[in-house]
Amino acid sequence: MNIEQLYDALKKSQEKQGAFFNKDRDLVFELLESLQLNKERYGYMACPCRLACGDREHDKDIICPCDYRKPDMEEFGACYCGLYVSEKVNNLEIVPEHVPERRPVEKII
Amino acid sequence: MCTCIIKVYGLSSCSHCKAARKLFDKYNIEYEYVQVDDLKGDERKAVIKEIKELNPRCSFPTIEINKETIIVGNKQNDIKKALGIKK
């Protein structure tokens, strides 16, 4: 799957879940490329902005879309890496604020 | 010219890290960069321990300026302030 196909597939499936791609298209494509690189490197699409360890089971919480996307979008209007924004942020074209890390620190190895 | 000693802990795939590094490059500010996802074994463990001491959440980028100021994330205004960049 090339990047454009990945973009189209995710846009369709994720918008149904209330998660919209960031309006910053360059950022979105940079992150999608990183997700594909992580898939090649680790075998799974680990969040590009988090330290993956190479063990799918250990990192299942940060496989995109990560377990933290929903609470982060609810609280901050965007997911941690900024790939997805909430419907409100999308509609109002607000620039999402900095999203602090929610992943438990003991998971980072 | 900034004479700060800067150390950036980042990830090769992280957009926040790339954006923060671009800011340093824009102002020709030198910094030491540790690409944590490239590290393995004991070296990786030691660096993660080092980051956790600076930033208990161990998130990226973690930026250390002059051994006293720690900036977590791509907070461009905080970075500029710490470096004395006014524009």
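Above this text you will find the structure in question.
Overview of the structure.

Cut-offs applied
Along each chain, numbering runs from 1 in the same order as the chain's sequence is written. Numbering of ligands from 1 and lettering of chains from A proceed in the order in which they are written. Per-residue local features of the predicted model are confined to residues with pLDDT of at least 70, and side-chain atom pairs are confined, for both listing and counting, to 80 or more; whole-chain, interface and lining totals are unaffected and use all residues. Strands are runs of DSSP state E lasting at least two residues, helices are runs of H or I lasting at least four, and both sets are numbered from the N terminus onward. As a reference, a globule follows 2.2 Å times the number of residues to the power 0.38, and the radius of gyration itself is taken over C-alpha atoms. Counting other C-beta atoms within 10 Å of its own, a residue is labelled buried from 20 upward, exposed at 12 or fewer, and partly exposed in the gap between, with every C-beta atom placed from the backbone. Two residues qualify as being in contact provided that their C-beta atoms, derived from the backbone, are within 7 Å of each other. Three residue categories are used. Nonpolar comprises Ala, Val, Leu, Ile, Met, Phe, Trp, Tyr, Cys and Pro, charged comprises Asp, Glu, Lys and Arg, and polar comprises the others, including Gly. By the convention used here, strands pair only if DSSP detects at least 2 bridges between them. Only the stretch in contact is used when a helix axis is fitted, and all axes are lines through C-alpha atoms; the angle between N-to-C directions ranges over 0 to 180 degrees. Multiplying 1.5 Å by the helix residue count minus one yields the expected span of that helix. Core membership is restricted to buried Ala, Val, Leu, Ile, Met, Phe, Trp, Tyr and Cys residues, and these are joined into a nonpolar core through C-beta atoms within 7 Å.

1. Let's talk about the overall build of chain A
In terms of regular secondary structure, chain A is built from 4 helices and 2 strands. The globule rule puts the C-alpha radius of gyration for 109 residues at 13 Å, and the 13 Å found for chain A is close to it. Counting the 109 residues in chain A, one finds 39% classified as buried. Restricting to contacts in chain A with at least 6 residues of sequence separation, those with at least 24 account for 41%.

2. Section: the interface of chain A and chain B
Between chain A and chain B, the contact holds 15 residues from the first and 16 residues from the second. Its residues assigned to classes, the side of chain A that touches chain B shows 9 nonpolar, 4 polar and 2 charged.

3. Considerations on the sheet that holds strand S4 (residues 69-72) of chain B
Residue and element names in this part refer to chain B. Spatially, S2-S1-S3-S4 is the arrangement adopted by the 4 strands of the open sheet, whose pairing is mixed. The sheet is open, and its two edges are formed by strand S2 (32-35) and S4, each paired on a single side. Recorded for the sheet is a direction-independent mean angle of 15 degrees between the axes of neighbouring strands. Lying on the sheet, helix H3 (residues 76-83) is in contact with strand S3 (62-65) and S4; it crosses S4 at an angle near 165 degrees.

4. Observations concerning unusual backbone geometry
Cys64(A) connects to Pro65(A) through a cis peptide bond whose omega is 0 degrees. Looking at where Pro65(A) falls in the secondary structure, it is placed in the loop between helix H2 (25-42) and helix H3 (69-76). Look at the link from Phe60(B) to Pro61(B): it is a cis peptide, with omega at -5 degrees. As for its position among the elements, Pro61(B) is in the loop between helix H2 (41-54) and S3. Within the chain, Asn66(B) stands out as a residue other than glycine whose phi angle is a positive 55 degrees. Among the structural elements, Asn66(B) can be located in the loop between S3 and S4. Among the residues examined, Asn66(B) registers 12 C-beta atoms within 10 Å and is labelled exposed. Notably, Lys67(B) is not glycine yet its phi reads approximately 60 degrees, a positive angle. Mapping Lys67(B) onto the fold places it in the loop between S3 and S4.

5. What to know about H2(B)
For an α-helix, 3.6 residues make a turn, and residues three or four places apart therefore share a direction. In a regular helix each residue adds 1.5 Å, so 14 residues correspond to 20 Å; H2(B) covers 21 Å between its end C-alpha atoms and thus fits that length. With 1 of 14 residues buried, H2(B) is to be regarded as a mostly surface element.

6. Examining the pairing of S4(B)
Residues and elements named next belong to chain B. As paired elements, S3 and S4 share 4 bridges and run antiparallel to each other. Bridged to Ile63 within S4 is Ile71. Taken together, S3 and the strand that follows it, S4, pair antiparallel across an intervening segment of 3 residues, in which Asn66 is found at a positive phi of about 55 degrees.

7. What about the nonpolar core?
Counting 43 residues, the largest nonpolar core has Cys47(A), Cys79(A) and Tyr84(A) as the members making the most contacts within it. Residue assignment for this core shows that the elements contributing at least two residues are strand S1 (20-21), H2 and strand S2 (84-85) of chain A together with strand S1 (6-10), helix H1 (15-26), S4 and H3 of chain B. With 4 residues, H2(A) is the largest single contributor of residues to this core.

8. Observations regarding H2(A)
Here H2(A) contains 18 residues, and its C-alpha end-to-end distance of 25 Å stays within 8% of the 26 Å for a straight helix at 1.5 Å per residue. Packed against the buried residues of H2(A) are helix H1 (3-15) and S1 of chain A together with H1 of chain B. Directly after H2(A), the chain includes Gly43(A), whose backbone phi takes a positive value near 95 degrees.

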